[in-house]
Amino acid sequence: MTDEETWSLWDHISGEAFEGPLAGQKLEIWPISMTLVEAALAKMPDLRIYTSSYRSWKQWFMHLPHRKFINSKGFLPPQFYLTMSQPIDPRLPKLEQGLGVIEGDQAKFYPMKSLPKGEMITDSFAGRTIVLERSEIDGVPSAKWQAGVDGPMQLLSRWYGFSYSYPDCDIYLQ
Amino acid sequence: MKAIDRAKAKVTTGKFQFLPLRPKHDQPLASLHLPGDAELLVLERGGEHRGLIAREMAYHHICQGELEGQPFLVSF
């Protein structure tokens, strides 16, 4: 993404500017959770929604590859990959979905298939013990530190995007 | 540091520009009558939560605003 003040280019996952006058600057980042309406109404019945009034064929068109994200195989048109400036890390299928976790300069990708529903996984990450589980309602994984109530920066993502932002990331292999 | 072709990056600043969502107001989720399997993004600032409809963000890609006096930018 780019800002309209300096036209610097920013990695929208890591929050780091990598080209332009602000190259090297980093935004504060924090997790954004994905969920289903059904799960949100159960957990946060008073949740309020920012809605868009924009209506256009462009919106309809862009929705087509994203009709379903959570637990989906996914699809991106071939021309999308031509816009990427480096080859996709071949260690996993490019559209593999999983939970990416980040702490400092360390990152790890937990493929969805390694996180079975109803099971709690413990792992070592960034020198600490991390606990991962998937929500019963929406199947979305989340991670917390075993000691404490919070967790590392995390996002539900696909391999091509996460490995692009964190090329040296580890992969959790069950 | 990534090497990037700025000419390619400029694609989205031309005719087919994605307009960021700049929310002016919000509505209760329950009042929107969305299907139970519709996907949401949920952000939190200063203890307050707000949702975004994923199918709308698939176009906008970015939502930029302020919540509880704190600026935020959500990308999707």
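Whatever comes next refers back to the structure up there.
Thoughts on the nonpolar core
Item 1. Membership of the largest hydrophobic core comes to 40 residues, with the highest contact counts inside it found for A40 and V101 of chain A together with L40, L41, L52, A54 and M57 of chain B.
Item 2. Beyond its immediate chain neighbours, meaning those up to four positions away, V101 of chain A contacts A107, K108, F125, I130, A143, P152, M153 and Q154 of chain A.

Focus on the interface of chain B and chain A
Item 1. Chain B puts 42 residues into the contact, and the matching count from chain A is 35 residues.
Item 2. Secondary structure elements with two or more residues in the side of chain B that touches chain A: helix 1 (6-9), strand 1 (26-28), strand 2 (39-45), strand 3 (48-53), helix 2 (54-60), strand 4 (62-67) and strand 5 (70-75) of chain B.
Item 3. Here the side of chain B that touches chain A takes 6 residues from helix 2 of chain B, the largest share from any one element.
Item 4. Tallied by class, the residues present in the side of chain B that touches chain A amount to 27 nonpolar, 6 polar and 9 charged.
Item 5. Note that strand 4 (residues 48-50) of chain A and strand 1 of chain B share 3 bridges and pair antiparallel. Counterpart to Y50 of chain A in the pairing with strand 1 of chain B is D26 of chain B.

Brief notes about the environment of F75 of chain A
All names here are of chain A.
Item 1. The topology assignment puts F75 in the loop between helix 2 (57-63) and helix 3 (78-82).
Item 2. With 11 C-beta atoms packed within 10 Å, F75 lands in the exposed category.
Item 3. For the pair formed by F75 and L95, sequence separation is 20 residues and the distance between their alpha carbons is 7.5 Å.

Observations concerning the sheet that holds strand 7 (residues 121-125) of chain A
Residues and elements named next belong to chain A.
Item 1. Within the open sheet, the 3 strands sit side by side as 7-8-9. Their pairing is antiparallel. Single-partner strands in this sheet number two, and they are strand 7 and strand 9 (141-145). On average, adjacent strands in this sheet sit at an angle of 30° to one another, irrespective of strand direction.
Item 2. Note that strand 8 (residues 128-134) and strand 9 share 5 bridges and pair antiparallel. Along strand 9, the bridge assignment pairs L132 with A143.

Focus on the environment of G98 of chain A
Residue and element names in this part refer to chain A.
Item 1. Along the chain, the position of G98 falls in strand 5 (residues 97-103).
Item 2. Separated by 28 residues in the primary sequence, G98 and I70 place their C-alpha atoms 9.6 Å from one another.
Item 3. Residues in contact with G98, not counting those within four places in the same chain, are F109, Y110, P111, M112, S157 and W159.

Rules of the game
Residues numbered from 1 in each chain as written. Chains lettered and ligands numbered in written order. Predicted model: local features only at pLDDT ≥ 70, side-chain atom pairs only at ≥ 80, totals over all residues. Core = buried A, V, L, I, M, F, W, Y, C linked by C-beta atoms within 7 Å. Buried ≥ 20, exposed ≤ 12 C-beta atoms within 10 Å, placed from the backbone. Contact = placed C-beta atoms within 7 Å. Helix = DSSP H or I, 4+ residues; strand = E, 2+ residues; numbered from the N terminus. Nonpolar A, V, L, I, M, F, W, Y, C, P; charged D, E, K, R; others polar. Pairing = 2+ DSSP bridges. Axes fitted to C-alpha atoms, helices over the stretch in contact; angles between N-to-C directions.

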